[in-house]
Each structure stands twice: as C-alpha cells, then as structure tokens.
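# Tertiary structure, described
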Amino acid sequence: MAFNPSNSKLYISAGRVDQFPSKVLPQIVFSGRSNVGKSSLINTMLGRKSLARVSSSPGKTITVNFYDIDSKIMLVDLPGYGFARRPAADKARWSELTEGFFTKNPNIDLLRLAVQLVDLEVGPTADDLMMINYLCDSGIPFVIVASKADKPNKTNRAAALEKLAVHKDIPHGTTVIPFSSKTGEGKDILWKVFLDAALSPEKSN
C-alpha cells in the first residue's frame, strides 16, 4: 500500500469532547508531559517544521489535536500534563478532554496504539507511570518513546534506557524506542511500528 506521510494536515484541534472527529481512520495517540517533545516528534515524523505547534509556554495548550496522515492514519496528540501550577479550571479541562478521548471517542475501536513519551534524562514521572498504568488496565497496546535521546552522554544514556527496561512499574518487555527530533534517531523504527499497528491486514477490519 502506498503511503505518503508528507501528505498530512491538522484535521481538527478539539477543545471539547463533542468536537472529536468521526472520520473513520486507524488512530495512534501520543501522551506525555507538557515539555516532553510530542509536537517536535510529530513534526519530525512528518518531515514538517511546524505542523504541530511547539508552545513557548509548556502546558498552555489544552486541546486534542487530530492529524490526518495521507487519509490512512489519524495521529492524535493529547494535551500535555504535569504542570502543578496550572489553574484548577485548566486541570479539569485537561481531565475532561483526555479521559473523554478514551471514553467518548467515536472511533475508540480504531485506536491501534498509544505512544507514551518519557524524557530520557528525567525518567518516568509519577504522571507518566499513572498513564502507563491506565493503558495497561485498559488493555491498550503501547510503546514508550524515550525522547530527547541525544542529550545524555553515552554512559548516562545506557543507564537511563536500562532503568526504563527494568522499571518495576513498566511491564517487562515493553518496547522502548530512543528518539531525537534533533538527529532523527528512531524515526524509521517508529514509522514501522505505526504502520504495523495501524495498517496491517489483520487490523484493517
């Protein structure tokens, strides 16, 4: 099947649950804290500089962004979490949108994969582990992307990846993919994972 990731567009930025699109496409959802690099990852994957907007104020944007990729896959960027100073009203809106994606998404049966981003230097935060636990309990297939993989030196990088691999709150055998939007490391591996999850024949029904 021909697939052109450059043929991509922002389908909708949903600020309310009732704005979630009904377009029937396999979905891959991205989760992570507000400055973990989700927008940079999406731009790198699509070969675009600013399709996904990188906020100058992490945690400012509270929308679920749906990206139509060649009318074959929908990439879904959940709003970032982890900013304790956010007003209570913003936290409530984040919860409504994020929980709504999993409970009121008209195409939840087409969700093929969750991509949980973890800053490789920082390691998994309590919020990251809470999301991973939710994915496990919900039976949603997921991989972990260790973002900003170009930042640690070789020794620290190896140690950080090992900690992720053996972390007591991360299921043994979970796929961990080092990724760098700066160098492009991990891009090809991620595309293979995405296409295998979303477009493999046994999942196309």
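Report on the accompanying structure. Since we're looking at a predicted model, the values are computed, not measured.

Turning to the nonpolar core, a few remarks are in order. Counting 32 residues, the largest nonpolar core has Phe20, Phe66 and Phe101 as its most contacted members. Once residues within four sequence positions are removed from consideration, Phe20 is found in contact with Ala14, Val64, Phe66, Leu97, Gly100, Phe101, Lys104, Asn105 and Pro106. Listed in part, the 25 residues of the second largest apolar core include Leu75, Val115, Val145 and Trp191.

Burial within strand 5 (residues 111-119) is extensive, with nine of its nine residues counted as buried. The pairing of strand 2 (residues 27-31) with strand 5 spans five bridges and is parallel. Note that in strand 5 the partner of Ser31 across the bridge is Gln116. One ladder, built from six bridges, connects strand 5 with strand 6 (residues 142-147); its direction is parallel. Pairing of Ala114 across the sheet is with Phe142, part of strand 6. Between strand 5 and its parallel partner strand 6, the chain crosses via helix 3 (residues 126-138), and the hand of that crossover is right-handed.

Rules behind the numbers
- Residues numbered from 1 in each chain as written.
- Predicted model: local features only at pLDDT ≥ 70, side-chain atom pairs only at ≥ 80, totals over all residues.
- Heavy atoms only, no water.
- Core = buried A, V, L, I, M, F, W, Y, C linked by side-chain atoms within 4.5 Å.
- Buried < 20%, exposed > 50% of the residue type's maximum accessible area, 1.4 Å probe, protein only.
- Contact = heavy atoms within 4.5 Å.
- Helix = DSSP H or I, 4+ residues; strand = E, 2+ residues; numbered from the N terminus.
- Pairing = 2+ DSSP bridges.
- Right-handed = clockwise from strand over helix to strand, strands pointing away.

These results come straight from atomic positions and should not be treated as a statement about function.
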